[in-house]
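Observations on the three-dimensional arrangement
Residues per chain are reported as follows:
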2 protein chains.
Amino acid sequence: LMVGGTVGKVAQSRNPAFHVGDFFAGYWGWQEYAVSDGKGLQKLDASLAPVSTALGVLGMPGMTAYFGFLDICQPKPGETVVVSGAAGAVGSLVGQIAKIKGCRAVGIAGSDDKVAWLTRELGFDGAFNYKTTEDYVAKLRNLCPQGIDCYFDNVGGSVTDAVLPVLNVRARISICGQISQYNLARPEPGVRPFIYLLNKQSRAEGFIISQFMDRFPEGIAQMAEWIKQGKLKYREQIVTGFENAPHALIGVLQGENTGKMLVKFAEA
Amino acid sequence: LMVGGTVGKVAQSRNPAFHVGDFFAGYWGWQEYAVSDGKGLQKLDASLAPVSTALGVLGMPGMTAYFGFLDICQPKPGETVVVSGAAGAVGSLVGQIAKIKGCRAVGIAGSDDKVAWLTRELGFDGAFNYKTTEDYVAKLRNLCPQGIDCYFDNVGGSVTDAVLPVLNVRARISICGQISQYNLARPEPGVRPFIYLLNKQSRAEGFIISQFMDRFPEGIAQMAEWIKQGKLKYREQIVTGFENAPHALIGVLQGENTGKMLVKFAEA
């Protein structure tokens, strides 16, 4: 079961903690109006940041990038970090956090526009379009002349296969998503990575963002600070209208979005 | 380059630290007589344990089992531990250490004799012969009704593929060897494990025993203690004569050994 994260405005309230007009983030799924008992809702301060950021850079995707990269990859200055799904809501933040931490950041994305956005606007040191690149391994060796120390994986499949031979000794892989594998009738056979992990004494670890729930305040504060300092940029792609939500979701699964995909049901 | 570990007796010495008749372990490779400047040699006390144990339970294989399992898998009492290559020099020790730590130990090996040795003599809770088992996943689910928390992998390939769907949340995999893959002309395609690691928030890590070199004294002391307490059994398979060394090595790669394979060149 997957439930989309949402931001909503209180339209009516019989709970003194919730006032009409207040903004909250929560998990109501795809509906225009929802009834809530107030549990699990996160109050938003619309004067601090646009409320939409609670679904992106200051919400789940932001926390996923922050903890999933920093905690699992433990990047050190001077290391090389590769991100797949690099133009997505999470990947675009991971590469920028890598730069903030003094690393070389290399992104893998699915269009020339995305690649240009990563290198020209977000400060990635290199990026390539996997749809128009034939030899991923050669491309990675070229963009990562010192090898790969950290890999933040959103996609899996043949892109990840190509990262394996370029890993350095004691590399760390954070497995955030495997979007290339989600809609397959059965998992497609591919490269078994354990021999690479063995030869390079490397580690791969999957995570779910709820592991880090207790530490969200730390992550939100740090990400908000980096945004204020101009060190972290984000993009939102907004589709309007309930009827366009299914296409928006399918678009994400097919890699059509740059940054966070949002569906707007009503004016704030 | 692989150099076989050896135990030798000093035949002649011009170094006051080495006396004729003393036993040492070191890396001279396959030769009947070797010249050494004394560097990297480990002096053996023949009265403490048979000198051959310096090549097995109190040597590299023992340290590999001890640190590669305890440090990387971090087993907790009550957890289920699966070991592939379970009847080998390393695997047979891992399962016994798992039992000492209060875990359920399940082994995967390549003959009915090995399976019987594991369960009847070494105290494994379960084991199966992968050469005569058709559905590895069903067998593992049957022998591990609570799922798999730790997997110590010596073999890789289709045996490891079958462990993945039985992993518990936050499982730990120690990648010690991938013997099924070493002699392939090219890696055979198989199951990509990252989606399993993601879904179960699990970790896989490769290691090389030299990482733990500084802590060998701790490992040797603990293993020797467990042997003295009768908690740890080991088996050595001794082939005699230089001319039989190549067959012995090929036998190991083909899984013909039970416990540590040794080649004896001379009487002590």
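Reference entry: report on the structure contained in this document. (Residues numbered from 1 in each chain as written. Chains lettered and ligands numbered in written order. Predicted model: local features only at pLDDT ≥ 70, side-chain atom pairs only at ≥ 80, totals over all residues. Heavy atoms only, no water.)

Moving on, we come to the relation of the copies chain B and chain A. The operation relating chain B to chain A is a screw motion whose rotation component is 180 degrees, with 0.0 Å of axial translation and a residual RMSD of 0.1 Å. On this basis, the relationship between the two copies can be described by a two-fold rotation axis. A share of 100% of the interface residues of chain B reappears at the interface of chain A, consistent with the copies meeting face to face through the same patch. (Least-squares fit on C-alpha atoms with pLDDT ≥ 70 in both. Contact = heavy atoms within 4.5 Å.)

Attention now goes to the pattern of salt bridges. Residues and elements named next belong to chain A. Counting across every chain of the model gives 24 salt bridges over all chains. Close ionic contact of Asp37 with Lys39 constitutes a salt bridge, the shortest N to O distance being 3.9 Å. Lys39 carries the same exposure label as Asp37, and that label is exposed. Each of Asp71, Arg215 and Glu218 takes part in a single network of salt bridges with overlapping partners. (Salt bridge = Lys/Arg side-chain N within 4 Å of Asp/Glu carboxyl O. Buried < 20%, exposed > 50% of the residue type's maximum accessible area, 1.4 Å probe, protein only.)

Residues and elements named next belong to chain B. Among the residues of helix H3 (residues 112-121), those classed as buried are Lys114, Val115, Trp117 and Leu118. Down the axis of H3, the sector holding all buried residues measures 160 degrees, keeping them to one side. H3 presents Asp112, Asp113 and Arg120 as exposed residues on the side facing more than 90 degrees away from its buried surface. Contact partners of the buried residues in H3: helix H2 (91-100), strand E5 (104-109) and strand E6 (126-129). Looking one or two places after H3, you find Gly123, whose phi comes out positive at around 85 degrees. (Helix = DSSP H or I, 4+ residues; strand = E, 2+ residues; numbered from the N terminus. Arc of directions from axis to C-beta.)

Right, let's talk about the sheet that holds strand E2 (residues 23-26) of chain B for a bit. Residue and element names in this part refer to chain B. Within the open sheet, the 3 strands sit side by side as E1-E2-E3. Their pairing is antiparallel. A strand with exactly one partner marks an edge of an open sheet, and here the two such strands are strand E1 (6-9) and strand E3 (42-44). Averaged over all adjacent pairs, the angle separating strand axes in this sheet is 35 degrees, with direction ignored. Summarising the sheet, E2 and E3 pair through 3 bridges and their orientation is antiparallel. Bridge pairing in E3 links Ala25 to Gln42. (Pairing = 2+ DSSP bridges. Axes fitted to C-alpha atoms, helices over the stretch in contact; angles between N-to-C directions.)

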